[in-house]
Amino acid sequence: MPAIDKQTALRARIVWPCRAIRAAAIGYAAWSLLRVGAFWADAEFVARAFSGWYGGEPALADGLRRAAGFGLSLAIWALVIGGVVAVWRLTGHYLAGRVFSVDASVALKRVGQLGLAAAALDIALRPVIRALLSPGPALDPHFLARWVRPEDLLYAAVFGALWVLAHVLESAASLSDEVEQFV
Amino acid sequence: MPIVVELDVMLARRKMRSKELAERIGLSEQQVSMLRSGRARGVRFDTLARICEVLDCQPGDLLIHRAGPPQD
């Protein structure tokens, strides 16, 4: 099969998964914003949730503290939005047939970087949010034992793998450009 | 590059347009244009064989070495 036919066949195979990924990414961003907003709006729910996550007595946080918590959560959400934009660009390159291109690998690298940044910021902000909501010391033994969760490692592994894969694909795309100059 | 592709000369001798050559050897017009203008970094043996077949010539009729100043 000639190379052009192979690329057309590949594009045909990835059209609907790319569109599904775009829809899922936008849906995730919108859904997570709604969840974050609903969470911080309910004082009792915040107190119960933080008591469950980090131990200790639940304490009702006033509106100002919850607004600050919401603001910090929005900072993480902003990185998620950056990741969604990168996913949109990546799938845009794929849908336009630029699968093995440097542009697509740069977009994939951006997805990995923003995912890692969002996961790292989430971990870093936990003691800050804990300090906002609890009158006790921010780094008490209950909190330290639950500061980092198993899913944090999963996120680090998945986004780290995407980042490494993007570097590999960038090299492959450069090689592909060079091969195209041979007729 | 000191290797020069003299495809234009051979096309003129055979009174053939590059579009017809592209169709007969199974390349795109853009690829033949790259070859004619010297923008191609290399030519595959099977492409060279098909060009020689269609134009009834030898590889030496198409490729010429012109010595010039050494390149980095």
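Source: prediction; values computed, not measured. (Residues numbered from 1 in each chain as written. Chains lettered and ligands numbered in written order. Predicted model: local features only at pLDDT ≥ 70, side-chain atom pairs only at ≥ 80, totals over all residues. Heavy atoms only, no water.)

## Quick look at the overall build of chain B
- Counting secondary structure elements, chain B contains five helices and two strands.
- The order of α-helices and β-strands along chain B, N terminus first, is β-α-α-α-α-α-β.
- In terms of principal-axis extent, the alpha carbons of chain B reach across some 35 × 20 × 20 Å.
- When each of the 72 residues of chain B is scored for burial, the buried share is 31%.
- Taken as a whole, chain B presents about 5100 Å² of accessible surface, with 48% of it coming from carbon and sulfur.
- Taking the average place of the 12 positive charges on the side chains of chain B and the average place of its 10 negative ones, the gap between the two points comes to 3 Å. (Helix = DSSP H or I, 4+ residues; strand = E, 2+ residues; numbered from the N terminus. Buried < 20%, exposed > 50% of the residue type's maximum accessible area, 1.4 Å probe, protein only. Areas by Shrake-Rupley, 256 points an atom, 1.4 Å probe, with all protein chains shown as cover. Lys, Arg positive; Asp, Glu negative; His and termini not counted. Charge placed at Lys NZ, Arg CZ, Asp CG, Glu CD.)

## Notes on the nonpolar core
- Leu7, Leu21, Ile25, Val32, Ile51, Leu55 and Leu62 of chain B are the most contacted members of the largest nonpolar core, which has 20 residues in total.
- Only helix 1 (7-14), helix 2 (18-25), helix 3 (29-37) and helix 4 (45-55) of chain B provide two or more residues apiece to this core.
- Tallying contributions element by element places helix 4 of chain B first for this core, with five residues.
- Aside from chain neighbours lying at most four places away, what touches valine 32 of chain B is Leu7, Ser18, Leu21, Ala22, Ile25 and Leu27 of chain B.
- Among the nonpolar cores identified, the runner-up in size contains twelve residues, and Val15, Leu95, Ala107 and Leu108 of chain A belong to it. (Core = buried A, V, L, I, M, F, W, Y, C linked by side-chain atoms within 4.5 Å. Contact = heavy atoms within 4.5 Å.)

## Description of the confidence of the model for chain B
- Residues at a pLDDT of 70 or more form 93% of chain B, whose mean pLDDT is 89.
- For this predicted complex, the interface score ipTM comes out at 0.72, alongside a pTM of 0.72. (pLDDT = per-residue confidence, 0-100.)

## Here we look at the pattern of salt bridges
Residue and element names in this part refer to chain A.
- All chains considered together, the criterion is met by nine salt bridges over all chains.
- In this structure, the salt-bridge partner of arginine 126 is aspartate 152, at a minimum N-O distance of 2.7 Å. You can see arginine 126 sitting in helix 4 (residues 102-133) and its partner aspartate 152 sitting in helix 6 (residues 150-180), a full 26 residues away along the chain.
- Classification of arginine 126 as buried rests on a relative accessible area of 5%.
- We classify aspartate 152 as buried; its relative accessible area is 4%. (Salt bridge = Lys/Arg side-chain N within 4 Å of Asp/Glu carboxyl O.)

## Notes on helix 1 of chain B
All names here are of chain B.
- Looking only at helix 1, the buried set comprises Leu7, Met10 and Leu11. Looking straight down helix 1, one finds that the buried residues subtend no more than 100 degrees of arc, so they occupy a single side. Turned more than 90 degrees from where helix 1 packs its buried face, Ala12 and Arg13 sit exposed.
- Against the buried residues of helix 1 lie strand 1 (3-5), helix 2, helix 3, helix 4 and helix 5 (59-62). (Arc of directions from axis to C-beta.)

## Overview of the interface of chain B and chain A
- With ten residues of chain B at the contact, the number on the chain A side is six residues.
- Seen at the junction of chain B and chain A, the total is one salt bridge.
- Across the salt bridge formed by arginine 41 of chain B and glutamate 178 of chain A, the nearest N and O atoms sit 3.8 Å from each other.
- The interface formed by chain B and chain A contains five residue pairs in polar contact (both at pLDDT 80 or more).
- If one sorts the elements of the side of chain B that touches chain A by residue count, helix 3 of chain B sits on top with three residues. (Polar contact = N/O pair within 3.5 Å; in protein donor to acceptor, adjacent residues only side chain to side chain.)

## Considerations on the environment of glutamate 23 of chain B
- By the secondary structure assignment, glutamate 23 of chain B is in helix 2.
- Sequence separation between glutamate 23 of chain B and leucine 48 of chain B is 25 residues, and the spatial gap between their C-alpha atoms is 15 Å.

## Overview of the packing of aromatic side chains
Residue and element names in this part refer to chain A.
- One pass over the full model with this rule turns up two aromatic pairs over all chains.
- Look at phenylalanine 39 and tryptophan 40: their rings are 5.2 Å apart centre to centre, the planes differ by 85 degrees, and that puts the pair in the edge-to-face class. Each member of the pair, phenylalanine 39 together with tryptophan 40, is buried.
- Ring geometry for phenylalanine 39 and phenylalanine 45: centres 5.6 Å apart, planes at 80 degrees, overall edge-to-face.
- Ring pairing ties together the aromatic residues Phe39, Trp40 and Phe45, which thus form one cluster.
- In this arrangement the basic side chain of arginine 22 is found over the ring face of tryptophan 88, its NZ or CZ atom lying 3.8 Å from the centre. (Phe/Tyr/Trp six-rings, centres within 6.5 Å; stacked < 30°, edge-to-face > 60°. Lys NZ or Arg CZ within 6 Å of the ring centre and 35° of its normal.)

## Side note on helix 2 of chain B
All names here are of chain B.
- For helix 2, the set of buried residues is Leu21, Ala22 and Ile25. For helix 2, the arc enclosing every buried residue in end-on projection is 100 degrees, short of the 170-degree limit, so these residues lie on one face.
- On the buried face of helix 2, the contacting elements are helix 1, helix 3 and helix 4.
- Phi turns positive, to about 80 degrees, at glycine 26, one or two residues after helix 2.

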